[in-house]
Amino acid sequence: MTLQRSPLVLLALSCVACNSPAAFHGVGDDGVSFAPVEDFEPGQGVTTDGIAADGLVPDRISAQTTDLATARASHITASVAAGALGSAVSSLGDLDGDGHDDIAVGAWADSTGGSLAGAAYVFTSGANHADAADAVIYGDFASDYAGWALGAAGDVDGDGRDDLFVSAHGDDGAADGAGAVYFFLSPVRGALTLADADAVLRGASQDDAAGSSAAAIGDVNGDGFDDFAVGVPGDDAGGQDAGAAYVFFGPIRGEQTTADADARIHGKATRQWVGTSVAAAGDVNGDGQPDLLVGATGESLVASGAGAAYLFHGPLRGTVSTDVAAGRLFGAGSDDRFGAQVASAGDLNRDGYDDLLVGAPLADGDAGEDAGAAYVFLGPIAGSFSATAAAGRIEGGAAGAMAGSAVASAGDVDGDAHDDLVVGVPGDARGGEGAGAAVFFFGPFDGNYSVDDADVTLLGAPGDRVGAAVATAGDLNGDSKDELLLGAPGAADGAGAAWIVAID
């Protein structure tokens, strides 16, 4: 099926409080502002021939600190400037059915389909034999920001194969800036546009910015089909920009809007920005049902802009507010933007309950203003907690480091049967101004640390903004160990890059 879109006028969203390009998927103080575009000059875009991976997945890295240029990590680069390649990265599972995990890399500033239309690039066989992307999905119109979020959608059509989603939070298909998430059924090959999608979930109203975050969340209603969550931080139902997260039960077909959702979690305060981030939380309470974690960077219950993350146990249905969340986690300080990124941490302490990761990239700490932090909360979780009560904290090592701009479970990297974690630090300057870093901590994990204490640290080059996006890559080379994906959207003067890394 091909979905048709009318050529509506598109409005660009701007960032009014982002400290670095593509490093903080956050919001500003005078409105929803999801696209940090000011430091990028839109170019002609990046074609599939302009994306290349430089060989096999590399030997495993065992050094505690190294720079990516000498780490023998596989490098995915763009040949044309202004794509911001690496602003989003994700494993896709086995999209093409060849027995190897596949990956996707987003480039929200790609201008092939129009200025800042965006794009998503797909590498099958994990990019380990690819000279160019196997598929590319371009935004259709200027300021779509396609590829802002992307990843495995689960098996949305029930055919036994993983599918792909690509968000475009500037999409005007339903209303100006309403946003949308597009679904592509596997296999995905060749050059496509968003109009070629097999299904789409749209925001319902102007400036909803639906798709600012999105995630497959497992089968939350137990019907055998994977379900999906869409973050809509510009939703006004609970107040101007109170935000919401919408849950759609699979199978996902045709064209729907958030008005058609099976469950809705809404904010209750102006500029709460619920849905800034959403993630599958795993099974935090051990009841066998998948749970959902929702970030709200504008939550000001503790302090202005401190932020929050809300945990909802499955099954989910109907309309609820953040007040009834099973777990409510709050930032500790003014303008911390706690909840800018949320993720399952896996089971770090092997107690049978999944744990949670929450990023607060503008948190101030001992290292200085906007050093940032990532927090670990151990399951089971019930009730309300401050970030100060977290089981563990990883703080940026210097002012402006913005630790916690990206957070993810790394799987069991070191093979000790404990899940590990990775934190993006795109403002880290140890490799030069704006170089960025990704830091890895091996589980079990508790206590408070600096990024300087990491078990493995990978540093970018000046301007790279490594760590703006991080993700598990899956097992790309069949050695039964997961590799990692690191985004560097500032590399090559904004063309961007991504790295595939293997760690002992």
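Description of the structure in this document. Predicted model, so just to flag it, every value in this text is computed and none were measured.

Let's talk about the overall build of the chain
Next, step 1: A count of helical and extended segments in the chain gives one helix and 35 strands.
Next, step 2: Put simply, the chain has 504 residues, and 63% of those count as buried.
Next, step 3: Restricting the contact set of the chain to residue pairs at least 6 apart, pairs at least 24 apart contribute 59%.
Next, step 4: Accessible surface for the chain amounts to roughly 15,600 Å². Of this, 45% is attributable to carbon and sulfur atoms.

Thoughts on the sheet that holds strand β32 (residues 456–459)
Next, step 1: With respect to topology, five strands assemble into an open sheet ordered β2-β32-β30-β29-β28, the strand pairing being mixed. The open sheet terminates on both sides in strands that have one partner only, identified here as β2 (65–67) and β28 (406–411). Between one strand axis and the next, the sheet turns through 20° on average, direction left out of account.
Next, step 2: In this structure, β28 lies alongside strand β29 (residues 420–425), joined through five bridges in antiparallel fashion. Counterpart to A408 in the pairing with β29 is V422.

Points about the packing of aromatic side chains
Pairs of aromatic rings are described using the distance from one ring centre to the other and the angle between the two planes.
Next, step 1: Scanning the entire structure with this criterion turns up ten aromatic pairs.
Next, step 2: Each ring, one from F165 and one from F228, has its centre 5.0 Å from the other, and the planes form 75°; the classification is edge-to-face. Taken together, the residues F165 in strand β9 (residues 163–168) and F228 in strand β14 (residues 227–232) connect sequence positions 63 residues apart. An identical accessibility class is assigned to F165 and F228; each is buried.
Next, step 3: Centre to centre, the rings of F445 and Y449 are 5.3 Å apart; their planes meet at 45°, and the pair counts as tilted.
Next, step 4: With a relative accessible area of 33%, Y449 lands in the partly exposed category.
Next, step 5: By the ring-pair criterion, three or more aromatic residues cluster together here, those being W108, Y145 and W148.

Considering the pairing of strand β16 (residues 254–257)
Next, step 1: Along β16, the buried face is formed by G254 and Q256; none of E255 and T257, which line the opposite face, is buried.
Next, step 2: Pairing of strand β12 (residues 199–202) with β16 involves four bridges; the strand directions are parallel. Paired with V200 across the two strands is E255, which belongs to β16.

Quick look at the sheet that holds strand β10 (residues 180–184)
Next, step 1: The five strands lie next to each other as β8-β9-β10-β12-β16, forming an open sheet whose pairing is mixed. A strand with exactly one partner marks an edge of an open sheet, and here the two such strands are β8 (146–154) and β16. Pairwise comparison of adjacent strand axes, ignoring direction, gives a mean angle of 20° for this sheet.

A few points about the pattern of salt bridges
Next, step 1: Under the definition given, this model contains eight salt bridges.
Next, step 2: The partner of R161 in a salt bridge is D159, with the nearest N and O atoms 3.9 Å apart.
Next, step 3: Under the relative-accessibility criterion, D159 is labelled partly exposed at 38%.
Next, step 4: Measuring nitrogen to oxygen at the nearest pair gives 2.8 Å for the salt bridge that ties K268 to D323. Remark: D323 occurs in the loop between β21 (318–321) and β22 (327–330) and K268 occurs in the loop between β17 (263–266) and β18 (274–282); sequence separation between them is 55 residues.
Next, step 5: On the basis of relative accessibility, which here comes to 49%, the residue K268 falls in the partly exposed class.
Next, step 6: A single salt-bridge network, built from bridges that share partners, covers D171, R202 and E255.

The rules we used
- Residues numbered from 1 in each chain as written.
- Predicted model: local features only at pLDDT ≥ 70, side-chain atom pairs only at ≥ 80, totals over all residues.
- Heavy atoms only, no water.
- Helix = DSSP H or I, 4+ residues; strand = E, 2+ residues; numbered from the N terminus.
- Buried < 20%, exposed > 50% of the residue type's maximum accessible area, 1.4 Å probe, protein only.
- Contact = heavy atoms within 4.5 Å.
- Areas by Shrake-Rupley, 256 points an atom, 1.4 Å probe, with all protein chains shown as cover.
- Pairing = 2+ DSSP bridges.
- Axes fitted to C-alpha atoms, helices over the stretch in contact; angles between N-to-C directions.
- Phe/Tyr/Trp six-rings, centres within 6.5 Å; stacked < 30°, edge-to-face > 60°.
- Salt bridge = Lys/Arg side-chain N within 4 Å of Asp/Glu carboxyl O.

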